[in-house]
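# An overview of the molecular structure
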Amino acid sequence: MEKASMIYEGKGKKLYNTSHPDQVIAEFKDDLTAFNAEKKGNEAGKGALNCQISTEIFKLLEAEGIKTHFIKQLDEKNMLCKRVSIIPIEVVTRNIATGSLSKRLGIKEGSVLPFSLVEFYYKDDALGDPIINDEHAILLKCANSQEELEFLKETAREINEILRSFFDGKGLNLVDFKLEFGKDSEGNILLADEISPDSCRFWDKKTNEKLDKDRFRQDLGNVKMAYEEVLRRILN
Ligand code: UDP
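Here's a quick rundown of the structure.

This paragraph deals with the pairing of strand 13 (residues 189–192). Covered by surrounding structure in strand 13 are Ile189 and Leu191 together with Leu190 and Ala192, the residues of both alternating faces. Of the pairings in the sheet, the one linking strand 12 (residues 172–183) to strand 13 comprises four bridges and is antiparallel in character. Of the residues in strand 13, the one forming a bridge with Glu180 is Ala192.

This paragraph deals with the packing of aromatic side chains. Following the criterion strictly, the structure yields three aromatic pairs and no others. What links up through ring pairs into an aromatic cluster is the set Phe166, Phe167 and Phe202. Directly above the aromatic system of Phe28 lies the positively charged group of Lys13, at a separation of 5.6 Å from the ring centroid.

Here we take up the packing of helix 1 (residues 46–63) against helix 6 (residues 223–235). Across the interface, helix 1 lies against helix 6 with an axial gap of 10 Å and an inter-helix angle of 25°. Classified by the angle between their axes, helix 1 and helix 6 sit roughly parallel to one another. Considering only the axes of helix 1 and helix 6, their crossing is left-handed. Of helix 6, the residues touching helix 1 (which contributes Lys46, Leu49, Asn50, Gln52, Ile53, Glu56 and Ile57) are Lys224, Tyr227, Glu228, Val230, Leu231, Ile234 and Leu235.

What follows is about the site of the ligand. Close contacts around the ligand come from 15 residues, with Arg94, Ser100, Asp176, Arg201 and Arg217 the closest. Between Glu90 and the ligand, the recorded distance is 3.2 Å, taken from a side-chain N or O atom to an oxygen atom. At 3.4 Å, a backbone N or O of Ser199 approaches an oxygen atom of the ligand. In the complex, 80% of the free accessible area of the ligand, which totals 510 Å², lies under the protein chains. Taken together, the residues of the shell around the ligand break down into four nonpolar, three polar and eight charged.

Reading guide: rules and limits
- Throughout this description, residue numbers start from 1 for each chain and increase along the sequence as written.
- The model is predicted, so local features are restricted to residues of pLDDT at least 70 and side-chain atom pairs to those at 80 or more, both for listing and for counting; the totals for chains, interfaces and linings are taken over all residues.
- Note that the side-chain values use all heavy atoms of the structure and ignore hydrogens as well as water.
- Relative accessibility thresholds used throughout: buried, under 20% of the residue-type maximum; exposed, over 50%; partly exposed, between the two (1.4 Å probe, protein chains only).
- The secondary structure listing takes helices from DSSP runs of H or I that are at least 4 residues long and strands from runs of E that are at least 2 residues long, numbered from the N terminus.
- Pairs of strands are assigned from DSSP output, requiring at least two bridges between the strands.
- Pairing of aromatic rings covers Phe, Tyr and Trp, the last counted by its six-membered ring, and requires centre-to-centre distances within 6.5 Å; plane angles under 30 degrees mean stacked, over 60 mean edge-to-face, and any other angle means tilted.
- We call a charge positioned over a ring when the NZ of a Lys or the CZ of an Arg lies within 6 Å of the ring centre and within 35 degrees of the ring normal.
- Axis angles are defined between N-to-C directions and span 0 to 180 degrees, where every axis is a line fitted to C-alpha atoms and, for a helix, only to the segment in contact.
- Roughly parallel here means an angle under 35 degrees, roughly antiparallel means over 145, roughly perpendicular means 65 to 115, and every remaining angle is called oblique.
- Should the near helix be turned anticlockwise from the far one by less than a right angle, the crossing is left-handed, and should it be turned clockwise, the crossing is right-handed.
- Between two residues, a contact is recorded if the distance between any of their heavy atoms is within 4.5 Å.
- The nearness test applies per residue and asks whether one of its heavy atoms lies within 4 Å of the molecule or strand.
- Polar contacts here mean pairs of N or O atoms no more than 3.5 Å apart (in protein, one a potential hydrogen donor and the other a potential acceptor; neighbouring residues in sequence count only if both atoms are side-chain atoms).
- Every accessible area reported is derived by Shrake-Rupley at a probe size of 1.4 Å, with residue values counting cover from the shown protein chains alone.
- Three residue categories are used. Nonpolar comprises Ala, Val, Leu, Ile, Met, Phe, Trp, Tyr, Cys and Pro, charged comprises Asp, Glu, Lys and Arg, and polar comprises the others, including Gly.

As structure tokens, this is what we get:
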């Protein structure tokens, strides 16, 4: 499958049309951004690592019955996907408190949450992706119904159970992660975007070492080595 015109360039990926109306190609970029793109960087090889990590995770989720936009990996940093129209909600699931949850609510960094917390953020760069509740989501027409929102939450919880146990077996704590969903031409809701150390937090179970984009956000160094380590553990 060949790339045709570019549809969109995002912070982490470029999206291309193909000769098939229902298929697009996602090209994973080496660019890194944080804090609503106020901090920018580039890590050669990061795009390829995220493409492969996302591929492995989408395959795992598909095998567990989760419907995703993933069709196949085309090469190092290109993935063939079903065309979807993205629901403008970032669905964040958290197992351990850190990041904006700790900052906003004063919950101690590293505390294990008594249950998996699912949050919605409105995907809008100009507004800085604000946290929203169900009624805001309906008001903003992000979703058509409460049932759709319940489906997003339920699916995020299911994905959390699958991934948490998978990464636990790889010696990693899945701290939190962000999902995006989209609708295909028939209105089915599919998991879309990517699942990678750009969108998840992974802490080593033994040392609590951060193996994700926090290495870039917090200038901890060895960003690429951390992503390589995540891939190595996934494949082992
Ligand atoms: N996240 C993301 N994209 C965003 C915001 C958050 O992928 O635009 C991910 C982030 O990597 C983490 C989780 O969602 O795994 C929760 O992020 P948090 O709200 O703590 O964000 P922070 O403000 O700390 O970046």
